[in-house]
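Each chain, written out:
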Amino acid sequence: MPRRYSLGKRKGQKDATRDRIVAAAAELFRVQGATRTSIAQIAAAADVAPGTVRNHFPSTEDLAAAVAEHVMDLLRMPAADIFDGVDEAPARVMRLARAMADYYERSQPWYRMADLDDRPLAAWAAAQARYDAEYLSLVRSALGPRRDDETVVAVVAGLLDPGIFGALARRGHAGNDAAALIGELLALWLAAPNLRR
């Protein structure tokens, strides 16, 4: 009697192999960059043959795109539901500041990944574009009725940038402490009637 074949089981195994390859590549890319990582290194880390890596990802860009998606999903950008139950923009911005502080802390090990490559990869640019769009959407959600004021959006987005959090951390104010300082500053600015907006 012929062996029974289960397409679902085969697909599950293929997906599991793909996930192992992506996770192995992500860790290697984080440490040494995508362009400095060989297929042989990824295959060894994923416990598969090099041909299996190529079968799933014919090019470095294909693999880098999958890794970028994996990392973005792993880091979990805050969602607009962080504002549930809060109506006033200053309080919403404070919530966003705390959520972004947590996000930046989770992201820390991954910040330099794209900088390690000796040539730019389209996957990193696409991931940055996705991040920028999600981040600006959150800023606009925090601002409520002021969401379309580009100056207000620029100031809030600029002051909640990871570079500002990093500068404060280097001066002894990290994480939620930095979020509180930035949030308080933005709350004062948003409430001041005579400041340029």
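Refer to the structure presented above.
Remember, it's a predicted structure, so these values are computed and weren't measured experimentally. (Residues numbered from 1 in each chain as written. Predicted model: local features only at pLDDT ≥ 70, side-chain atom pairs only at ≥ 80, totals over all residues. Heavy atoms only, no water.)

### As for helix H7 (residues 150–159)
At step 1: Burial in H7 covers these residues: Val 152, Val 153, Val 156 and Ala 157. Along the axis of H7, the buried residues cluster in a sector spanning 120°; they form a single face.
At step 2: The backbone nitrogen of Thr 151 lies 3.1 Å from a side-chain oxygen of the residue at the head of H7, namely Asp 149. (Buried < 20%, exposed > 50% of the residue type's maximum accessible area, 1.4 Å probe, protein only. Helix = DSSP H or I, 4+ residues; strand = E, 2+ residues; numbered from the N terminus. Arc of directions from axis to C-beta. Polar contact = N/O pair within 3.5 Å; in protein donor to acceptor, adjacent residues only side chain to side chain.)

### Some remarks on the packing of helix H4 (residues 60–75) against helix H6 (residues 122–143)
At step 1: Remark: H4 packs on H6, axes separated minimally by 8 Å, with the N-to-C direction vectors making an angle of 25°. In terms of orientation, H4 lies roughly parallel with respect to H6. Between H4 and H6 lies a crossing of right-handed hand. Contact with H4, carried on its side by Glu 61, Ala 64, Ala 65, Val 67, Ala 68, Glu 69, Met 72 and Asp 73, involves Ala 122, Ala 123, Trp 124, Ala 127, Arg 130, Tyr 131 and Glu 134 of H6 and no other residues of that element. (Axes fitted to C-alpha atoms, helices over the stretch in contact; angles between N-to-C directions. Parallel < 35°, antiparallel > 145°, perpendicular 65-115°, else oblique. Left-handed = near helix turned anticlockwise from the far one by under 90°. Contact = heavy atoms within 4.5 Å.)

### Section: the nonpolar core
At step 1: Formed by 58 residues in total, the largest nonpolar core has its most connected members in Phe 29, Val 67, Leu 96, Met 100, Trp 124, Tyr 135 and Leu 160.
At step 2: Beyond its immediate stretch of four places on either side in the chain, Met 100 contacts Met 77, Pro 78, Tyr 131, Tyr 135 and Leu 138. (Core = buried A, V, L, I, M, F, W, Y, C linked by side-chain atoms within 4.5 Å.)

### Brief notes about the environment of Val 152
At step 1: Relative to the helices and strands, Val 152 is located in helix H7.
At step 2: Between the C-alpha atoms of Val 152 and Ser 59, which are 93 residues apart in sequence, the distance is 42 Å.

### Focus: the packing of helix H8 (residues 162–170) against helix H9 (residues 175–191)
At step 1: Relative to each other, H8 and H9 sit at 115°, their axes nearing to 10 Å. By the angle class used here, H8 and H9 are roughly perpendicular. As H8 packs across H9, the resulting crossing turns out to be right-handed. Contacts between H8 and H9 involve Ile 164, Phe 165 and Leu 168 from the first element and Gly 175, Ala 178, Ala 179 and Ile 182 from the second.
At step 2: Taken together, the residues that form the contact of H8 with H9 break down as 6 nonpolar, 1 polar and no charged. (Nonpolar A, V, L, I, M, F, W, Y, C, P; charged D, E, K, R; others polar.)

### Observations regarding the environment of Thr 35
At step 1: Among the secondary structure elements, Thr 35 is positioned in the loop between helix H1 (7–32) and helix H2 (39–46).
At step 2: Owing to a relative accessible area of 22%, Thr 35 belongs among the partly exposed residues under this scheme.
At step 3: Counting along the chain gives 20 residues from Thr 35 to Asp 15, while the straight-line C-alpha distance between them is 24 Å.
At step 4: If we skip the residues at most four places from it in the chain, Thr 35 touches Asp 117, Asp 118, Arg 119 and Leu 121.
At step 5: In this structure the side chain of Thr 35 is engaged in a polar contact, spanning 2.8 Å, whose partner is the side chain of Asp 118.

### Description of the packing of aromatic side chains
At step 1: Here the structure, examined in full by the defined rule, presents 5 aromatic pairs.
At step 2: When the centroid spacing of 6.2 Å and the interplanar angle of 80° are considered together, the rings of Phe 29 and Trp 124 count as edge-to-face. Of the two residues, Phe 29 is situated in helix H1 and Trp 124 in helix H6; the sequence distance between them amounts to 95 residues. Just as Phe 29 is buried, Trp 124 falls in that class too.
At step 3: With centroids separated by 6.0 Å and ring planes inclined at 65°, the aromatic side chains of Tyr 103 and Tyr 104 adopt a geometry described as edge-to-face.
At step 4: Judged by relative accessible area, Tyr 103 falls into the buried class, the value being 4%. (Phe/Tyr/Trp six-rings, centres within 6.5 Å; stacked < 30°, edge-to-face > 60°.)

### As for the pattern of salt bridges
At step 1: Summed over all chains, the structure comprises 5 salt bridges.
At step 2: The partner of Arg 130 in a salt bridge is Glu 134, with the nearest N and O atoms 2.8 Å apart. Note that Arg 130 and Glu 134 are positioned in helix H6 at a spacing of 4 residues, about one turn of the helix.
At step 3: The partly exposed category is assigned to Glu 134, whose relative accessible area is 27%.
At step 4: Linked through salt bridges whose partners overlap, the residues forming this network are Glu 69, Asp 73, Arg 130 and Glu 134. (Salt bridge = Lys/Arg side-chain N within 4 Å of Asp/Glu carboxyl O.)

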